[in-house]
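So the chains spell out like this:
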Amino acid sequence: MRMVREPSHPRGHGGDRARAAAWVASVYIAVALAWMVAMSWLLHKVKATVATTLSIEAATGALLIGGSAVLIYFYVRSLIGDLERHHKSSLQSKLELVNRLALAAEYRDDLRGGHNYRIGHGSAILARLMGLPPERCDLIGQSAVLHDIGKIGVPDSIISKPGPLTDEEREIVQRHVLYGAHLLEGSDSPVIQTAHTIALTHHERWDGSGYPYGLVGEKTPVEGRIVAVVDVFDALTSKRPYKAAWTVEEARAFVLDQSGKLFDPAVVAAFEEGLAELLALREKSEALVPLPEAEIVPTGALVPKVGSERLRVV
Ligand SMILES: [Fe+2]
Ligand SMILES: [Fe+2]
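Undergrad: Describe the overall build of the chain, naming the residues involved and giving the relevant values.
TA: Tallying secondary structure elements over the chain gives twelve helices and zero strands in all. Across the 314 residues of the chain, 26% fall into the buried class. Across the chain, contacts joining residues at least 24 apart in sequence account for 65% of those joining residues at least 6 apart.

Now the structure itself:
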């Protein structure tokens, strides 16, 4: 019978580290005790005066305290370094998962032109131009890639329908904001919390004509108002199975015209200012490795392609 070897588990590292710390502490105590005994013996041997004994013991105490401080400094510094490395690696893993999930949604939605890449980066650009703090801009950029993740809950026959949708089908598609919010709710992670807000509110409109709640003006969180503009502009300028791509000028004119109607005027102002950056983003996304077509590709060949820059969305 073939034996399956258990993979080594990082759980063992904690035990090793505790044993090493206990060993260092024991050696430290042993050296300190030996030092004290040796000094007492020496002072007794040379019949030192009380004043000399006190001075030597004071010097010994200072030496021990100084030595302990140096040891504690290096130990705490090493612990903080470990914590920082762990935090960075955990954040990277979360972002990678978010981006892979966004990629899965692109497969599902048959969007093979880097739509999520542009929505992520484009939303971060507008957030920066609106003067939001850098950390918030990063969060918006990292999480906006999941704005349409709820579409995985909409049936294939509707998502891939080449023609216009019926009212009933449109209503089903609109539920993607609720599916997305449900999928992302209840997380402790700021990226997923922001993604939840965006998934739920990116179809709300400034004048209250959006869905799912018909929120008016700033009742829609700023993340949702930003993604609304970037998403509509990108959708208009992209070719879809049911429509041709608008020219940049046509889409720009539409967005500007909807300032204060469908869209937040502050976001539209940032859009106008950042349009050149958004267009550069489109050029960059088009140069990315396209998703492989729906054919059987050996895993070894697929991984390097999918693991390209395409996955490093933000
Ligand atoms: Fe959407
Ligand atoms: Fe979208």
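And the narrative resumes.
Undergrad: Tell me about unusual backbone geometry, and name the residues and values.
TA: In this chain, Tyr 211 is followed by Pro 212 through a cis amide linkage whose omega measures 10°. Its location among the elements puts Pro 212 in the loop between helix 8 (190–201) and helix 9 (222–236).

Undergrad: Residue-level account of the environment of His 203, with values.
TA: When you line up the elements, His 203 lands in the loop between helix 8 and helix 9. Linking His 203 and His 147, residues 56 residues apart in sequence, is a C-alpha distance of 9.8 Å. If we skip the residues at most four places from it in the chain, His 203 touches Val 177, Gly 210 and Tyr 211.

Undergrad: Describe the packing of helix 3 (residues 115–129) against helix 11 (residues 265–286), listing the residues and the values that go with them.
TA: If you want to describe how two helices pack, look at the angle between their axes and the distance between the axes. Running from amino to carboxyl end, helix 3 crosses helix 11 at an angle of 145°, the nearest separation of the two axes being 9 Å. Along this stretch, helix 3 crosses helix 11, giving a crossing that reads as right-handed. In this structure, helix 3 contributes Tyr 117, Arg 118, His 121, Gly 122, Ile 125, Leu 126 and Leu 129 to the contact, and helix 11 contributes Val 267, Ala 270, Phe 271, Glu 273, Gly 274, Glu 277, Leu 278, Leu 281, Arg 282 and Ser 285. Each residue belonging to the contact of helix 3 with helix 11 can be placed in one class, and the counts come to nine nonpolar, four polar and four charged.

Undergrad: How would you sum up the nonpolar core? Please name residues and give values.
TA: When a protein is soluble and globular, its nonpolar side chains tend to lie buried together. The biggest cluster of nonpolar side chains holds 40 residues, and the ones touching the most others in it are Leu 126, Leu 146, Ala 199, Ile 226, Val 229, Val 267 and Phe 271. Of all elements in the fold, only helix 2 (50–109), helix 3, helix 4 (134–143), helix 7 (176–184), helix 8, helix 9 and helix 11 reach the threshold of two or more residues within this core. Top contributing element to this core by residue count: helix 9, with seven residues. If we ignore the near neighbours within four places in the chain, the residues touching Val 267 are Leu 126, Met 130, Arg 225, Ile 226 and Val 229.

Undergrad: Before we move on, can you summarise the confidence of the model for the chain with the specific residues and values?
TA: Here the chain averages 84 in pLDDT, while 85% of its residues score no lower than 70. Least confident of the elements in the chain is helix 12 (residues 299–306), whose mean pLDDT is 40; most confident is helix 10 (residues 248–257), at 98. Scored below 50 in pLDDT, residues 1–11 shows zero contacts in the model against residues more than four places distant or in partner chains. Considering only residues more than four positions removed or in separate chains, one finds that residues 294–314, a stretch of pLDDT under 50, has 26 contacts.

Undergrad: Which residues make up helix 11, and what values do they have?
TA: Look at helix 11: 29 Å from first C-alpha to last across 22 residues, which is about the 32 Å you get at 1.5 Å a residue. Helix geometry: helix 11 is bent most strongly at Gly 274, by close to 65°. Buried residues belonging to helix 11 abut helix 3, helix 9 and helix 10.

Undergrad: Quick one: what's the story with the packing of helix 9 against helix 10, residue by residue and with numbers?
TA: Following both chains from N to C, one finds helix 9 and helix 10 inclined at 150°, their axes separated by 9 Å at the closest point. In terms of orientation, helix 9 and helix 10 fall into the roughly antiparallel class. Helix-helix and strand crossings are classified by hand; for helix 9 and helix 10 the assignment is right-handed. Residue-level inspection shows Val 229, Val 232, Phe 233 and Leu 236 of helix 9 in contact with helix 10, the latter providing Ala 251, Phe 254 and Val 255.

Undergrad: Describe the environment of Lys 261, listing the residues and the values that go with them.
TA: Checked against the element boundaries, Lys 261 lands in the loop between helix 10 and helix 11. Lys 261 sits in the exposed class, given 12 other C-beta atoms within 10 Å. Once the C-alpha coordinates of Lys 261 and Ser 209 are considered, the two residues, 52 residues apart in sequence, prove to be 9.0 Å apart. Beyond its immediate sequence surroundings of up to four residues, Lys 261 is in contact with Trp 206 and Asp 207.

Criteria and cut-off values
Residues numbered from 1 in each chain as written. Chains lettered and ligands numbered in written order. Predicted model: local features only at pLDDT ≥ 70, side-chain atom pairs only at ≥ 80, totals over all residues. Helix = DSSP H or I, 4+ residues; strand = E, 2+ residues; numbered from the N terminus. Buried ≥ 20, exposed ≤ 12 C-beta atoms within 10 Å, placed from the backbone. Contact = placed C-beta atoms within 7 Å. Axes fitted to C-alpha atoms, helices over the stretch in contact; angles between N-to-C directions. Left-handed = near helix turned anticlockwise from the far one by under 90°. Nonpolar A, V, L, I, M, F, W, Y, C, P; charged D, E, K, R; others polar. Core = buried A, V, L, I, M, F, W, Y, C linked by C-beta atoms within 7 Å. pLDDT = per-residue confidence, 0-100. Expected span 1.5 Å × (residues − 1). Bend = angle between axes of the 7 residues up to and from the residue. Parallel < 35°, antiparallel > 145°, perpendicular 65-115°, else oblique.

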